[in-house]
Amino acid sequence: MQSGDERQNREEVLKELQEYRTIFEISGSSIAIAADDGTINRVNAEFVKLFGYSKEEVEGRKKWSELCAAEDRDRINHYHQLRRSNPDSAPHNYEARFIHKNGGLIHAYITAGLIPKTQESVLAVIDISNLKKAEETARVSERSYRQIFNSVNDAIIVHDAAREIIVDANTKASEMFGYTLEEIKNTSLKDRVAGKHPYSEAILRDFINKAAKGAPQVFEWLYRHKDGRTFSTEISLKDAVISGDQLVLAIIRDITERKRAEEAFRETNAYLENLLNYANAPIIVWDPDYNITRFNRAFERLTGYRADEVLGKSLEILFPDDKKEDSMGLIRRTASGERWEVVEIAIAHVDQTVRTVLWNSATLFAPDGTTVVATIAQGQDITARKRAEEELRQSHEKLESRVRERTAELEKLNEALRGEIEERKRAEEIISRQAQEILEVSTPVIQIWEGIVSVPLIGTLDSMRAQQLMEQLLQRIVETGSAVALLDVTGVPAIDSKTARYLIETISAVRLLGAEVVLTGIRPAIARTLAQLGVDLSNVNTRSSFSAGLLFALTLLKLRVVSHD
Amino acid sequence: MIDGIREEVAIIDESDIILVRKTVREAATKFNYSLTDVTRIVTAASELARNIFLYAGSGVMRWRLLEGNGAKGMELIFEDRGPGITDLEQAFQEGYSTSGGLGLGLPGTQRLMDEMEIDTRVGVGTTVVVRKWQRRY
Amino acid sequence: MIEQRHLKGREPITGESISVIKIRDVLLVAMPPDPDDTTITILQEKVLAAIERYQVKGLVLDISAVQTLDSFFARVVAETAQMVVLMGAQTVIAGMQPSVAITATQLGLTLGGALTALNVDLALEIVSDAFQRRQRS
Ligand SMILES: Nc1ncnc2c1ncn2[C@@H]1O[C@H](COP(=O)(O)OP(=O)(O)OP(=O)(O)O)[C@@H](O)[C@H]1O
Ligand SMILES: [Mg+2]
């Protein structure tokens, strides 16, 4: 009986051992059994696979801690000893790094325990290297995602459209709106919109909902900063699914500067437009096909056409029938880049009269520098000017002959009164006063515009007249409070060094008063003489024609020519 | 010595420069010079009077009327017993000054007036005579 | 008969009579018609002290009453303008009379870095940057 029991007992033990071995071998984990001193006594097939050593190379030969990576060795040894001295305080599970036979690193998750009634440890090793790698990748990509998110120049706000909350926002967004990231998450749509029509909460919600339904939205929007001011932006809304959530991404760009620039551009444009339209000189622009693209008010007055009647039409319609060919030929040459000095081209009025006009033109090129975009020409109607000059000259002559007559008369009187000194003195005074008056008439200083006086100089300037002119001009500038004086020398036939010096002196004196001189009508012959005399006009404002001078004077005054209709 | 002197002003201290200006202004205005000519004459007088005060210490200004050849004018005479001017040509150069001034007094006066004569002897003194003729039309 | 002119009972010249007024951030100084050298020098000191004290951005020198602008006066104005620029402000000479401007030009005067204006109103506009700045020399 007893021996039978014993046998049965042994068989059971053997069977159990057999079962245990099988489990040990076929278990999915790598398992090692280590002795008291850490020597590995047994390993299973998985262990061999994981560490790359054969059973023979390990069993009885290697210590548990030898397989461990150097950094973790002390910790492993410590656990091993602790498990024997104070089993409860040794960790049951831990992570540690091991070295594969070929040197590779193995991240492992260890489950350890003592085999009861022995000093041997069972160590189950699960390879978590891949898991570790995945974690690391995730961490890196999360970090670089944030970095990119925060370093873009546009504000990005991630909306949860359904719950109407901000899920995330980048640094630029909190800068742009003036909130911290936490604060901005707590703002509502209403806090962020400018509010005034059409920048209302409802309209922005509508845009967001459309984007959420898959229709990307791009539009300009006026937002409100935390401090209350508003700012212009351009928003692009797009739906996105991030970790299963239905979200709307808003990419917001601050366009305040651009808006301001646009506004400034519009203003200058309007200013130039006005200046062009209401300039006193006729101005016209045509395209490379010689069709009129611009026609200002002065041109309307010159021709009797209204701008809308001629825009888009060929330049030809402006010339008298018998001169169409010649004038067009002359103009075609401008398209080849030639610049007119000043040419005379006759213009026909709708009432069939013909006017003589002096033209200046300039060809406008595309940025490539060769393609002609348009030609702009500015005219000066000299029909009236010639007549006026003639009249002025005549009246000047008339005055001079009157002076001669009077002087002769007075001289006769003089003779008669010789000896009577008192009388003679009175007579002299009369002569002197009248001559003075005549001198003043011959250099008329006229106020032609609020802030602009003009002197047309006609004939030769002797030193007496130059002095007179200087005094009168300065006097009028002060009387009328004019900041600009136009000095037109078109009527001066020749200039000598003395006259030139007077001109320069006049200009300096005017500047001391706080006004500016614009010298106009310097004909090439005079310009040449001045250059030969060594007169430096580089500091003097000069314009070829009187009307160009006037236009320049207006810009000096920063005058705005505005419409009155 | 010189005939027809109407007034004379001693230049002893700085405030006499003002007195010279005042005297000359009154006279020139009375003789119907234009405002600009009055200003030219007074400014020239101011320059010459200051030169006396600065360089000779003291001196005198006299003025008289001129008449002849149908022309009328005014003459101002500035006389001092100062050190004299060693190099007249240099003194008339624009920008030349021994006192840190602009060096405009002498050349400027010449431009403002119609005529200018200067008689200077080192160690003896300087006499400057300037004239302005009435404008004839 | 020669008349001799002296300043009788000379009044002490103090420069106190010149008013230096501060309007917002501009210092406005009105020059008397015929200032003597002492007055001009005292004025320069007063102005520089006021500019330092009030930190103004402009000095407007109203010379509309001035009848004589000679090389001394011009030099002090030019110097003052330069110092004012160094102190970060701008000088505008306002209201020069035509006769004075002509004379000053012929004398050869320049006003250094000072700007010019027809009258005090325009000068104030220039200082407040409403007007384009133009450098005068
Ligand atoms: N009366 C005089 N006696 C002696 N030297 C003189 C006299 N007048 C002028 N000078 C000399 O001639 C120089 C030039 O005189 P000018 O008046 O042209 O210039 P300034 O007095 O130096 O400067 P500014 O007149 O422009 O203030 C003087 O610096 C001085 O040396
Ligand atoms: Mg001098």
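Parameters at a glance
Residues numbered from 1 in each chain as written. Chains lettered and ligands numbered in written order. Predicted model: local features only at pLDDT ≥ 70, side-chain atom pairs only at ≥ 80, totals over all residues. Heavy atoms only, no water. Phe/Tyr/Trp six-rings, centres within 6.5 Å; stacked < 30°, edge-to-face > 60°. Helix = DSSP H or I, 4+ residues; strand = E, 2+ residues; numbered from the N terminus. Buried < 20%, exposed > 50% of the residue type's maximum accessible area, 1.4 Å probe, protein only. Lys NZ or Arg CZ within 6 Å of the ring centre and 35° of its normal. Contact = heavy atoms within 4.5 Å. Buried area = accessible area lost by both parts, 1.4 Å probe. Salt bridge = Lys/Arg side-chain N within 4 Å of Asp/Glu carboxyl O. Polar contact = N/O pair within 3.5 Å; in protein donor to acceptor, adjacent residues only side chain to side chain. Nonpolar A, V, L, I, M, F, W, Y, C, P; charged D, E, K, R; others polar. pLDDT = per-residue confidence, 0-100. Near = heavy atom within 4 Å. Areas by Shrake-Rupley, 256 points an atom, 1.4 Å probe, with all protein chains shown as cover. Expected span 1.5 Å × (residues − 1).

## Quick notes on the packing of aromatic side chains
All names here are of chain A.
- If you walk through the whole model with that rule in mind, you get 14 aromatic pairs over all chains.
- Between Phe-177 and Tyr-223 the ring centres are 4.8 Å apart and the planes differ by 75 degrees, which places this aromatic pair in the edge-to-face class. You can see Phe-177 sitting in helix α7 (residues 171-177) and its partner Tyr-223 sitting in strand β8 (residues 217-224), a full 46 residues away along the chain.
- In this structure Phe-177 comes out as buried when scored by relative accessible area, which is 0%.
- Overall, the relative accessible area of 2% leaves Tyr-223 in the buried class.
- Ring geometry for Phe-299 versus Trp-359: centroids 5.5 Å apart, planes at 25 degrees, classification stacked. Of this pair, Phe-299 sits in helix α12 (residues 297-303) while Trp-359 sits in strand β14 (residues 354-365), placing them 60 residues apart in sequence.
- Owing to a relative accessible area of 1%, Phe-299 belongs among the buried residues under this scheme.
- Among the residues examined, Trp-359 registers a relative accessible area of 4% and is labelled buried.
- Each member of the aromatic cluster is reached from another via a ring pair, and the members are Phe-47, Phe-51, Trp-64 and Phe-98.
- Directly above the ring of Phe-24 sits Arg-42, whose terminal nitrogen or CZ lies 5.9 Å from the centroid.

## As for unusual backbone geometry
Residues and elements named next belong to chain A.
- Put simply, His-197 and Pro-198 share a cis peptide bond, and its omega is 0 degrees.
- By the secondary structure assignment, Pro-198 is in the loop between α9 (189-192) and α10 (201-212).
- In this structure, Glu-164 is a non-glycine residue whose phi angle is positive, near 50 degrees.
- Checked against the element boundaries, Glu-164 lands in the loop between β6 (155-160) and β7 (165-169).
- A relative accessible area of 39% places Glu-164 in the partly exposed class.

## Examining the interface of chain B and chain C
- Counting from both sides, the interface comprises 35 residues of chain B and, opposite them, 29 residues of chain C.
- Where chain B abuts chain C, roughly 2,900 Å² becomes buried across the two surfaces, and 49% of that area is made up of carbon and sulfur atoms.
- On the surface where chain B and chain C come into contact, there are four salt bridges.
- A salt bridge links Asp34(C) to Arg21(B); its shortest N-O distance comes to 2.7 Å.
- Joining chain B to chain C, the criterion identifies 16 residue pairs in polar contact (both at pLDDT 80 or more).
- Breaking the side of chain B that touches chain C down by element, the ones donating at least two residues are β1 (5-11), α1 (15-30), α2 (35-56) and α4 (105-112) of chain B.
- When grouped by side-chain class, the residues that make up the side of chain B that touches chain C number eleven nonpolar, ten polar and 14 charged.

## Considerations on the confidence of the model for chain A
- Residues at a pLDDT of 70 or more form 90% of chain A, whose mean pLDDT is 82.
- Contacts of residues 560-565 of chain A to residues separated by more than four positions or lying in other chains number eight contacts, the stretch itself having pLDDT below 50.

## Details of the site of ligand 1
- Asn51(B), Tyr55(B), Ser97(B), Thr98(B) and Leu104(B) are the nearest of the 20 residues found near ligand 1.
- At the site occupied by ligand 1, nearby residues are drawn from chains B and C.
- Between ligand 1 and the protein, one listed contact pairs an oxygen atom with a backbone N or O atom of Leu104(B) at 2.7 Å.
- One of the backbone nitrogen or oxygen atoms of Gly105(B) is found 3.3 Å away from an oxygen atom of ligand 1.
- Here ligand 1, which alone exposes 600 Å², has 94% of that area covered by the protein.
- Looking at the shell around ligand 1, the elements with two or more residues in it are α2 and α4 of chain B.
- Taken together, the residues that form the shell around ligand 1 break down as eight nonpolar, ten polar and two charged.

## Here's the deal with helix α18 (residues 497-513) of chain A
- End to end, α18(A) covers 25 Å across 17 residues, agreeing with the expected 24 Å (1.5 Å per residue, within 8%).
- Of all the residues in α18(A), the buried ones are Thr499(A), Ala500(A), Tyr502(A), Leu503(A), Glu505(A), Thr506(A), Ile507(A), Ala509(A), Val510(A), Leu512(A) and Leu513(A).
- The secondary structure elements touched by the buried residues of α18(A) are α17 (463-480), β18 (484-491), β19 (516-520) and α19 (524-533) of chain A together with α3 (98-107) and β6 (115-117) of chain C.
- Once α18(A) finishes, Gly514(A) follows within two positions and takes phi at roughly 105 degrees, a positive value.

## Looking at the side chain of Glu79(B)
Residues and elements named next belong to chain B.
- Within the fold, Glu-79 resides in strand β3 (residues 71-80).
- Given a relative accessible area of 16%, Glu-79 falls into the buried group.
- If we skip the residues at most four places from it in the chain, Glu-79 touches Ile-52, Gly-59, Val-60, Arg-62, Thr-126 and Thr-127.

## A short note on the interface of chain A and chain C
- With 20 residues of chain A at the contact, the number on the chain C side is 17 residues.
- At the boundary of chain A with chain C, total buried surface from both sides reaches about 1,600 Å², with 64% on carbon and sulfur atoms.
- If you sort the residues of chain A by the area they bury against chain C, Leu512(A), Leu513(A) and Gly514(A) come out on top, with a joint share of 35%.
- Linking chain A to chain C there are zero salt bridges.
- Joining chain A to chain C, the criterion identifies four residue pairs in polar contact (both at pLDDT 80 or more).
- If you list the elements that add at least two residues to the side of chain A that touches chain C, you get α17 and α18 of chain A.
- The leading source of residues in the side of chain A that touches chain C is α17(A), at seven residues.
- Taken together, the residues that form the side of chain A that touches chain C break down as nine nonpolar, six polar and five charged.

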